[in-house]
Amino acid sequence: MEGFIQYTFNQKSEAEIENAARTFANSMANRRSIRDFSDRAVPKETIELLLNVANNAPSGANKQPWTFCAVQSGEIKKQIRTAAQLEEYQNYHGRMGEEWLQDLEPLGTTWQKPFLEIAPWLVIIFKKVYEIGSEGEKNKNYYVSESVGIAAGFLITAIHQAGLVTLTHTPSPMNFLQSILQRPVNEKPFLLLPVGYPADGALVPDIQKKTADQNTIWF
Ligand code: IYR
């Protein structure tokens, strides 16, 4: 059929599939959001490979409505930390409200974000609300937040599988990322992921997740 090619399906046995699913589920159950980073370097090539995973995510009409900014520059990381902390200070001192602050208490978060300078890489994902064509015209993207959310999930998974750690950080509001990283008007900041190694002895909150069966209804 014109415009189609054969899919190369890697056929496994049922036992292999169950094994692979179990191994992967166990590995992913070990993933944690890390806020205490080491400054140990991660090669650019590794970040490139991880971004390849995210970039191959499915997206509405295959438009890939995202831009990844991979920041290693100490100068830019410092600018991002300063701007993020200015916003977060406001969040933690009134903007979030009591209920929100209480919900965050078990996570031990504060307005201070040292990981924005310490982590060797910051990956900032922008969503492209629309495309700007070669004549400056607006072209449509579809299901933009869903698509970019899926790509972000791929990236978080890839980071963990590679043996590195990250944090889904959403400084709020995060328009400052658009100006610091000089992104055009059709791109809006979506998520910031510091990527690297945990600090020696890094702690994570002792919190539990509901089990999948608590969140699943079978029909
Ligand atoms: N953006 C703030 C607050 C925050 C909000 C949620 I929802 C979290 O799960 C964690 C933090 C911050 O980054 O501290």
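What you see is a predicted model; the values in this text were computed from it and never measured.

Draft legend 1. Local environment of the pattern of salt bridges. Under the criterion given, the structure shown has five salt bridges. Between Arg 22 and Glu 18 there is a salt bridge, with the nearest N and O atoms lying 2.9 Å from each other. Linking Arg 22 with Glu 18, this pair stays in helix 1 (residues 14-29), spanning four residues, or about one helical turn. For Lys 128, the salt bridge is made with Glu 131, and the minimal N-O distance between the two is 3.6 Å.

Draft legend 2. Just the sheet that holds strand 1 (residues 66-71), in detail. Taking strand neighbours across the sheet as the criterion, the four strands line up as 1-2-6-5 in an open arrangement whose pairing is antiparallel. Of all strands in the sheet, those with a lone pairing partner are strand 1 and strand 5 (165-166), marking the two edges. Relative to strand 6 (residues 187-196), strand 2 (residues 121-128) runs antiparallel, the two sharing eight bridges. Residue pairing for strand 6: Val 123 is matched across the bridge by Leu 193. Strands strand 1, strand 2 and strand 6 of the sheet are contacted by helix 2 (residues 44-55), whose axis makes an angle of about 165° with strand 1.

Draft legend 3. Region of the structure containing the packing of aromatic side chains. Counted according to the given criterion, the structure contains four aromatic pairs. Measuring from ring centre to ring centre gives 6.2 Å for Tyr 7 and Phe 9, while their planes differ by 40°; the resulting arrangement is tilted. Taken individually, Tyr 7 and Phe 9 each receive the classification exposed, so the pair is uniform in this respect. Relative to Trp 111, the ring of Tyr 89 has its centre 5.1 Å away and its plane inclined at 80°; by these criteria the two rings are edge-to-face. Of this pair, Tyr 89 sits in helix 3 (residues 74-95) while Trp 111 sits in the loop between helix 4 (97-104) and helix 5 (115-118), and the two are 22 residues apart along the sequence. The class of Tyr 89 is partly exposed, set by a relative accessible area of 37%. Given the relative accessible area of 26%, Trp 111 is considered partly exposed. A cation over an aromatic ring shows up here: Arg 40 above the ring of Tyr 197, its NZ or CZ 4.0 Å from the ring centre. Above the ring of Tyr 130, the side-chain terminus of Lys 138 is found at 4.7 Å from the ring centroid.

Calculation criteria
Residue positions are counted from 1 within each chain, in the order its sequence is given. The predicted origin of the model limits local features to residues at a pLDDT of at least 70 and limits the giving and counting of side-chain atom pairs to 80 or more, whereas totals for whole chains, interfaces and linings rest on all residues. To obtain the side-chain values, all non-hydrogen atoms of the structure were used and water was disregarded. Salt-bridge detection follows one rule: a side-chain nitrogen of Lys or Arg within 4 Å of a carboxyl oxygen of Asp or Glu. Helix and strand assignments come from DSSP, with helices taken as H or I runs of at least 4 residues and strands as E runs of at least 2, each series counted from the N terminus. For two strands to be treated as a pair, DSSP must find at least two bridges joining them. Any two residues whose heavy atoms approach within 4.5 Å at even a single point are treated as in contact. Axes, fitted as lines to C-alpha atoms, cover a helix only where it is in contact. Angles between the N-to-C directions of the axes lie from 0 to 180 degrees. The aromatic pairing rule takes the rings of Phe, Tyr and Trp, using the six-membered ring of Trp, and pairs them if the centres are within 6.5 Å, calling planes under 30 degrees apart stacked, those over 60 edge-to-face and the rest tilted. Buried residues are those whose accessible area, probed at 1.4 Å on protein chains only, stays under 20% of the maximum for their type, while exposed residues exceed 50% and partly exposed ones sit between those limits. Lysine NZ or arginine CZ positioned within 6 Å of the ring centre and within 35 degrees of the ring normal marks a charge as sitting over the ring.

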